[in-house]
Amino acid sequence: MSPNKVANTVSPGRKPRSVQARFHAWLILLIWAPAIFYRERVAFNLAGASCQWPALDEGNGARSSDPSVHVAVVADPQLTTYLSYRELGRGNPGLIAVEGISDAYMSRAFRRAVLSNDPEHVLFLGDLIDQGERIVNPEEWHQARRRFDRIFRWPRRARSGDTHATGPLDNGDDGVSRDRERPVSYRTVHGNHDVGYSRFAVRLRHLYARHEEYFGSTNFVRRLGGVDLVGVGAMALDGADDPKARSAQTNETWEFVKSLAGDEFGTSPFADGEGTAVDDEGGGVEARCVGEPARPRVLVTHVPLSKRSYEPGTCGDQRTSEVVRDKTHMNSTAGGRRIEIPRHDGFGCYYQDYLRPATSRQLLDKVRPTLVLSGHDHDQCVGTHEVFASDTTGRACATSGRSATEHTVGSFSFLMGNPRPSFAMMTVRGGCDGTSRVGMDDRCPAGLGTGVRDAVVVSLCFLPSQWSTFRLYGALGVVTVFAAGCAAVADARRGARPARAAARGALGVIGTCAAAAVIWTAVLLLDLSAP
């Protein structure tokens, strides 16, 4: 008898020892657990560590040593609701799983990549809750709002409705502690998933009141270091063409925008609060050419401004999809037939990818921004716009202009079609007191910020791809099945019955995947319950 046959022979009465149990245990310890821990935790820490606040430039390539203010900019988180996947229905296990995975992803991304960089302020570009404008039941909307608060640590004072307070706050109505080592203030503008498009503003005006009660006004001017942060309710701008048919929101927003024209000394009637009143002081001087604002302005709008070109490559090299073209018509269904209808029918927009060209031109001429921040697109885009001087009637009164850079920030959620979720990091030149601890409401002398080469700079920070994580788990599942097959063959060669070896292999695969699922679920629940 050959030595090999002697080695593979099992003594009578003794069952061959299976290698599969130890093999699957090693698979869990050496492959699955490290992969889950890396993709669900370490990757987000690395993403945060790889992001650096952009440095201000003093000219000639020299970096500024002055104190600066840091602002994290988040666009289109669109918290998943039952209306996001209506085909699944309320309470469907699939919907619950999607909500849990999406919530956990944004929670760990915000905590480990955004807050780890210690921003003084957080600015949202709208679309906070997916299909939020369609949630009629108040309790369902508040449930989604409380989920949003937990994920993004939105600071609230109990029983006060003050959503913009800075510094350590009392616990909010969701029981989540908001105490922080450094003051953090939050601000947002309205998106279409928050209040709907302008065509429905008259019918859905209660949505504005509901959203502003908990997230603040969309029209605001806030002093931030050496710049003015100007939020504009883009969803109301392209309202009815007939002024008599316009909604109150459209009229209020345009009055707010017009009040910014001619504000050369920082005396906008909205500079001390929300856009709820209009003061004609400082206006009415016909043909007076408007100069630059006293401080550089950052225009914040949910909907991007219209572009000069929609050709491929016009959005920069960080975009992952084709440039969205501005369309005047959209597909609809009537009587079972597909038809095309205007996106703007004279009474407002049913849908829009960009603000209309005339609207964009007026915004640029009256606000005269140095920088524009927008969302809505779900993908990254960088472009420039010409800014011309105009008089108080809105007519151009100077041929020379300058450019304003627009940064469209990609969606923070991995479910919005962007394979590379992102957020922006904005550095603003510090305050007038020589420190960087300047809030969105603090005052600085008029004139600060003029003559500064770069008063504000922006850079993008990319988050880990959750779809890449899913593909990795799928690949590990294939490796587990293949390895289990190899282990079953090894057992059979050691004398085990082939059927029994195959059964052990199948049970091993099921057990390994179940153990991996338990580990993954535990990590997900920890992220959902993180303070």
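See above for the structure.
Being a predicted model, the structure only gives us computed values, none of them experimental.

Criteria and cut-off values
- Residues numbered from 1 in each chain as written.
- Predicted model: local features only at pLDDT ≥ 70, side-chain atom pairs only at ≥ 80, totals over all residues.
- Heavy atoms only, no water.
- Phe/Tyr/Trp six-rings, centres within 6.5 Å; stacked < 30°, edge-to-face > 60°.
- Helix = DSSP H or I, 4+ residues; strand = E, 2+ residues; numbered from the N terminus.
- Buried < 20%, exposed > 50% of the residue type's maximum accessible area, 1.4 Å probe, protein only.
- Salt bridge = Lys/Arg side-chain N within 4 Å of Asp/Glu carboxyl O.
- Disulfide = S-S within 2.5 Å.
- Core = buried A, V, L, I, M, F, W, Y, C linked by side-chain atoms within 4.5 Å.
- Contact = heavy atoms within 4.5 Å.
- Lys, Arg positive; Asp, Glu negative; His and termini not counted.
- Pairing = 2+ DSSP bridges.
- Axes fitted to C-alpha atoms, helices over the stretch in contact; angles between N-to-C directions.
- Parallel < 35°, antiparallel > 145°, perpendicular 65-115°, else oblique.
- Left-handed = near helix turned anticlockwise from the far one by under 90°.
- Expected span 1.5 Å × (residues − 1).
- Polar contact = N/O pair within 3.5 Å; in protein donor to acceptor, adjacent residues only side chain to side chain.

Draft legend 1. Just the packing of aromatic side chains, in detail. In this structure the tally under the stated criterion is 23 aromatic pairs. Seen in terms of ring centroids, Trp32 and Tyr473 are 6.3 Å apart; in terms of plane orientation they differ by 35°. Their pairing is tilted. With Trp32 in helix α2 (residues 20–50) and Tyr473 in helix α10 (residues 466–493), this residue pair connects regions lying 441 residues apart in the sequence. Of the residues examined, Trp32 reaches a relative accessible area of 7% and is grouped as buried.

Draft legend 2. Structural context of the pattern of salt bridges. The tally for this structure, following the rule as stated, stands at 19 salt bridges. Put simply, Asp103 and Arg147 hold a salt bridge, and the shortest N to O gap is 3.0 Å. In this pair, Asp103 sits in helix α3 (residues 93–114) while Arg147 sits in helix α4 (residues 138–152), placing the two residues 44 residues apart along the sequence. Between Asp228 and Arg223 there is a salt bridge whose closest N-O contact spans 2.5 Å. Judged by its relative accessible area of 3%, Asp228 falls in the buried class.

Draft legend 3. The arrangement of unusual backbone geometry in detail. Here Gln78, not a glycine, exhibits a phi torsion of approximately 40°, which is positive. The topology assignment puts Gln78 in the loop between β3 (68–74) and α3. Here the phi dihedral of Arg368 falls at roughly 50°; this positive angle occurs in a residue that is not glycine. Along the chain, the position of Arg368 falls in the loop between α9 (357–367) and β11 (371–374).

Draft legend 4. Spotlight on the environment of Cys315. Examined against the element boundaries, Cys315 turns out to sit in the loop between β8 (297–300) and β9 (329–334). On the accessibility criterion, Cys315 (4% relative accessible area) is buried. For the pair Cys315 and Thr408, spaced 93 residues apart in sequence, the C-alpha separation works out to 9.1 Å.

Draft legend 5. Broad picture of the state of the cysteines. Scanning the entire structure with this criterion turns up two disulfides. Linked covalently through their sulfurs, Cys315 and Cys381 form a disulfide whose S-S length is 2.0 Å. One disulfide, between Cys315 and Cys381, carries an S-S torsion of -75° and so falls in the left-handed class. Taken together, the residues Cys315 in the loop between β8 and β9 and Cys381 in strand β12 (residues 381–390) connect sequence positions 66 residues apart.

Draft legend 6. Fine view of the nonpolar core. Formed by 42 residues in total, the largest nonpolar core has its most connected members in Phe110, Phe124, Phe148, Phe152, Phe412 and Phe423. Sorting the residues of this core by element identifies β3, α3, β4 (121–124), α4, α6 (205–215) and β14 (422–429) as the ones contributing at least two each. For Phe148, the contacting residues outside a window of four places in its chain are Pro77, Leu79, Phe124, Leu128, Arg153, Trp154 and Phe215. Ranked by size, the runner-up nonpolar core spans 25 residues in total, among them Leu237, Trp254, Phe256 and Leu363.

Draft legend 7. Structural view of the side chain of Arg210. Its location among the elements puts Arg210 in helix α6. In this structure Arg210 is buried but unpaired, with Glu133 as the nearest side chain of opposite charge at 7.5 Å.

Draft legend 8. The pairing of strand β6 (residues 220–224), seen in detail. The element β6 is extensively covered by neighbouring structure, given that five of its five residues are classed as buried. Taking every second residue as pointing to the same face, both faces of β6 are buried, with Phe220, Arg222 and Leu224 on one and Val221 and Arg223 on the other. By the bridge criterion, five bridges tie β6 to strand β7 (residues 227–231) in an arrangement that is antiparallel. Bridge pairing in β7 places Arg223 opposite Asp228. If you look at the hairpin formed by β6 and β7, you'll find two residues sitting between the two strands, and Gly225 has a positive phi there, around 65°.

Draft legend 9. Quick peek at the sheet that holds strand β5 (residues 185–188). Pairing is mixed across the open sheet formed by five strands, whose spatial order is β5-β4-β3-β14-β15. Across the chains shown, the open sheet's two edge strands, defined by having one partner strand only, are β5 and β15 (456–462). Strand-to-strand, the axes of this sheet are offset by a mean angle of 25°, without reference to chain direction. Judged from the six bridges that link them, β3 and β14 form a sheet pairing that is antiparallel. The partner of Val73 across the bridge, within β14, is Ala424.

Draft legend 10. Molecular detail of the packing of α4 against α6. Between α4 and α6, the shortest axis-to-axis distance is 12 Å and the interhelical angle comes to 30°. Regarding the angle of α4 to α6, the classification is roughly parallel. Seen along the crossing, α4 lies across α6 with a hand that is right-handed. Residues Trp141, His142, Arg145, Phe148 and Asp149 of α4 form the contact with α6, whose own contacting residues are Arg210, His211, Tyr214 and Phe215.

Draft legend 11. Geometry of α3. Compared with the 32 Å implied by 1.5 Å per residue over 22 residues, the 30 Å span of α3 between its first and last C-alpha is a close match. Within α3, 16 of the 22 residues are buried, leaving the element largely enclosed by the surrounding structure. Near the N-terminus of α3, the side chain that reaches the backbone nitrogen of Gly94, with its oxygen 2.7 Å away, is that of Asn92.

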